[in-house]
Amino acid sequence: MSVTEQGLLEREKDTMTLNMGPSHPSTHGVFRIIMEMDGEVVLSAQPEIGFLHTGIEKTSENKRYVHVIPMTDRLDYLAPPMNNLAFCLTTEKLLGCEIPDRAQTLRVIMCELARIGSHLVWLATHALDIGAMTVFLYCWREREMILDLNEEISGVRMMTSYIRVGGVMKDATPEWLEKVQKFVNYLPAKIDEYELLLTNNPIWLDRTQGVGAMTREEAINWSLSGPALRASGVDFDFRKKRPYSGYDNFEFDVPVGKNGDVYDRYLLRVEEMRQSRRIVEQALKNLPGGPCNVEDNKISLPKRDTLHTSMEALIHHFKLVSEGVNVPKGETYVPVEGPRGEVGFYIVSDGTSVPYRVKLRAPSFMAIPGMCKMMDGSFVADVVAIIGSIDIVMGEVDR
Amino acid sequence: MTSEEVIEKIQSMVGDDIQKGETHLGDAVVFVAPDALQKVAKALKEDADLRFEYLSDIRGVDYLDQDREPRFEAVYELHSFEHNHSVRVRVGLEEENPSVPTVSDLWKGALYPERELFDMFGFDVPGHPDLRRIIMPDEWEGNPLRRDYPLTIEDVAFSHNREYKSELVKPKPPTR
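Residues numbered from 1 in each chain as written. Chains lettered and ligands numbered in written order. Predicted model: local features only at pLDDT ≥ 70, side-chain atom pairs only at ≥ 80, totals over all residues. Heavy atoms only, no water.

1. Focus on the overall build of chain A
Put simply, the test is: Helix and strand assignments come from DSSP, with helices taken as H or I runs of at least 4 residues and strands as E runs of at least 2, each series counted from the N terminus. Every radius of gyration here is taken over C-alpha atoms, with the globule rule written as 2.2 Å times N^0.38, N being the number of residues. Burial classification: accessible surface area is computed with a 1.4 Å probe over protein chains only, and a residue below 20% of its type maximum counts as buried, one above 50% as exposed, and the rest as partly exposed.
Along chain A, the regular secondary structure elements total 15 helices and nine strands. What you see for chain A is a C-alpha radius of gyration of 23 Å, in line with the 21 Å of a compact globule of 399 residues. Dimensions of chain A, computed from the C-alpha atoms along their principal axes, are close to 85 × 45 × 40 Å. Split into buried and exposed, the 399 residues of chain A put 59% on the buried side.

Below, the structure written as structure tokens:
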């Protein structure tokens, strides 16, 4: 086809529209961006989402509280325990029940392992997008160990559903705790290894420093959260500022960035992995004894061996399995700090065992307009770096 | 500030514009009419003692089954990083033409959740620069998160069955 036939000579505008996605390797899911380009510079980026819409919020309105938990796993599928925790904490706030210390510490261990796992996947894919293949393979190796730990404690590698309303699924065995300890001892040298490959690597610096920078005010105004917000200099972490699940008993630092660019977000997440490791180490050292579920059998299942001897336990078991937990009327929201930022469920209860309305506050969803703002004026190659640095998970964007 | 202090402060500042202020399960909750939302939101953001600089989320709720007046609600969750407190702003919306003014001029983060309100609940958001469907396809009919939208029945887009009549499988709107 000749140039005149394509209509290239009659073009009115001097810019080009470039489509990326919906199925593009760097978008880590199905996500489409339509970019208006002037040469190699992005003038504006228009995102399109919804390809992975599963209707989880609508489905939740027709399921009992206990049945919603496995669905929350599928939202942010890289760190399911955070979603479980956010859902359970909100339900427990409506129920007004106190969780035993052992369950809280086990929850913290699972959540921090998930944060490390999620950051490992982020580092792997982010580095691969920019062109560092080795880091990808290294990170995947360590993440596999976390998945093995998940499998041993909950029976499932990814979608653990380990955290339940009123406690956790089952108690951790001493063998499992020993394996977690081994992993905790093993990890620091590996994080140093990733840093050795990237932190002072001139190619990495060129590709990330000064790219996608956002000031403190912009980051707040565009509702970024988690590492992306802290990289811009906002010292806010829900674990520190509004401790839940006994996070106030642990010593850890919240890293804060300065420039708010892709490089700062990288440094911050790597440091967060170290801090999460510290928390798991302390949790293993000070793991309290006692039950790992609330005693109230109207909320958590009675012990299996009592079913054969106690009539009351049998009734409770039957009521819980057939009807579920009746949650008092009310509505509330409990934010937790997920690997991508503020995660929380707004639950409206009408007093039955089925939630009336469930709404997820998804950090990835809220970050997408801000992310596209960062792309304005950047090169097309930087778009990939910016998407990677925000670490979006399409499961929770489209819900 | 604690939730009680936040409510007290808001009542002393814009007491005439809010319908009710209360603490519910320890959270500060303010009820606002849609006309007063922008004024209240501006005050919440700009006051030095409150400083709600961060919009966490906007949700829609449809209270159809609870026989509550008004039927719809838009709920805004605001945080202040400086003072580490939060407030929830609940805006009741009428069943006929639910409409809530945009707050995206104050918080840019409101752009997407407001589009979601339009998409999932059919709320009109006057003042929004780009109000169109966000999660559902553009040609979708209905607003999926409304309580009278059926959960499982879906209209068939096309069929190889020549005798297929779309009226037969179309969902009937449930009666209130």
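2. Remarks on the nonpolar core
The condition is simple: Buried Ala, Val, Leu, Ile, Met, Phe, Trp, Tyr and Cys residues form a nonpolar core when they are joined through side-chain atoms within 4.5 Å.
Formed by 163 residues in total, the largest nonpolar core has its most connected members in Ile 109 and Trp 176 of chain A together with Tyr 76 and Val 87 of chain B. Grouped together as the second largest cluster of nonpolar side chains are seven residues, Tyr 346 of chain A together with Val 61, Tyr 63 and Val 75 of chain B included.

3. Examining the interface of chain A and chain B
As a reminder of what qualifies: Working rule for contacts: check all heavy atoms of both residues, and any pair within 4.5 Å makes them a contact. Accessible surface is computed with a 1.4 Å probe, and the buried area is the amount of it that two parts give up when combined, taken over both parts together. Salt bridges are defined by distance alone: a side-chain nitrogen of Lys or Arg within 4 Å of a carboxyl oxygen of Asp or Glu. Within 3.5 Å is the distance limit for a polar contact, defined as a pair of N or O atoms, with the added protein rule that one can donate a hydrogen and the other accept it, and that residues adjacent in sequence qualify only through two side-chain atoms. Asp, Glu, Lys and Arg are counted as charged, while Ala, Val, Leu, Ile, Met, Phe, Trp, Tyr, Cys and Pro are counted as nonpolar; the rest, among them Gly, fall into the polar class.
The partner chain B presents 50 residues to the 45 residues of chain A that form the contact. Contact between chain A and chain B buries roughly 3900 Å² in total, counting both sides, with carbon and sulfur atoms accounting for 54%. For the chain A face of the interface with chain B, the top three residues by lost area are Lys 58, Tyr 346 and Tyr 356 of chain A, together amounting to 18%. For the interface between chain A and chain B, the tally reads five salt bridges. Along the contact surface separating chain A from chain B lie 28 residue pairs in polar contact (both at pLDDT 80 or more). Its residues placed into classes, the side of chain A that touches chain B shows 20 nonpolar, 10 polar and 15 charged.

4. Remarks on helix 1 (residues 3-14) of chain B
Residue and element names in this part refer to chain B. Put simply, the rule reads: Multiplying 1.5 Å by the residue count of a helix minus one yields the expected span of that helix. Directions from the helix axis toward the C-beta atoms define the arc.
Relative to the 16 Å expected for 12 residues at 1.5 Å per residue, helix 1 spans 16 Å between its end C-alpha atoms, a close match to the ideal helical length. Turning to helix 1, its buried residues are Ser 3, Val 6, Ile 7, Ile 10 and Val 14. Seen along its axis, helix 1 keeps its buried residues to an arc of 95 degrees; they face one direction. Exposed residues on helix 1 whose side chains face more than 90 degrees from its buried face are Glu 8 and Ser 12.

5. Topic: the side chain of Asp 62 of chain B
Checked against the element boundaries, Asp 62 of chain B lands in strand 3 (residues 54-62). When its relative accessible area of 2% is taken as the criterion, Asp 62 of chain B is described as buried. Here Arg 71 of chain B takes part through its side chain, which lies 2.9 Å from a polar atom of the side chain of Asp 62 of chain B. Polar side-chain contacts of Asp 62 of chain B include one of 2.8 Å to the backbone nitrogen of Arg 147 of chain B. If near-sequence neighbours (up to four positions away) are discounted, Asp 62 of chain B is found in contact with Tyr 356 of chain A together with Arg 71, Phe 72, Phe 121, Leu 145, Arg 146, Arg 147 and Asp 148 of chain B.

6. Considerations on the packing of aromatic side chains
All names here are of chain A. For clarity, the cut-off: When the centres of two rings from Phe, Tyr and Trp lie within 6.5 Å, Trp using its six-membered ring, the rings pair. Their planes under 30 degrees apart give stacked, over 60 give edge-to-face, and anything left gives tilted.
A full pass over the atoms with the stated rule returns 16 aromatic pairs over all chains. When the ring of Trp 122 is compared with that of Tyr 266, the centres are 6.4 Å apart and the planes differ by 40 degrees; the resulting orientation is tilted. Separated by 144 residues along the polypeptide, Trp 122 in helix 4 (residues 101-130) and Tyr 266 in helix 11 (residues 262-285) bring together distant segments of the chain. A relative accessible area of 1% places Trp 122 in the buried class. For Tyr 266, a relative accessible area of 0% gives the class buried.

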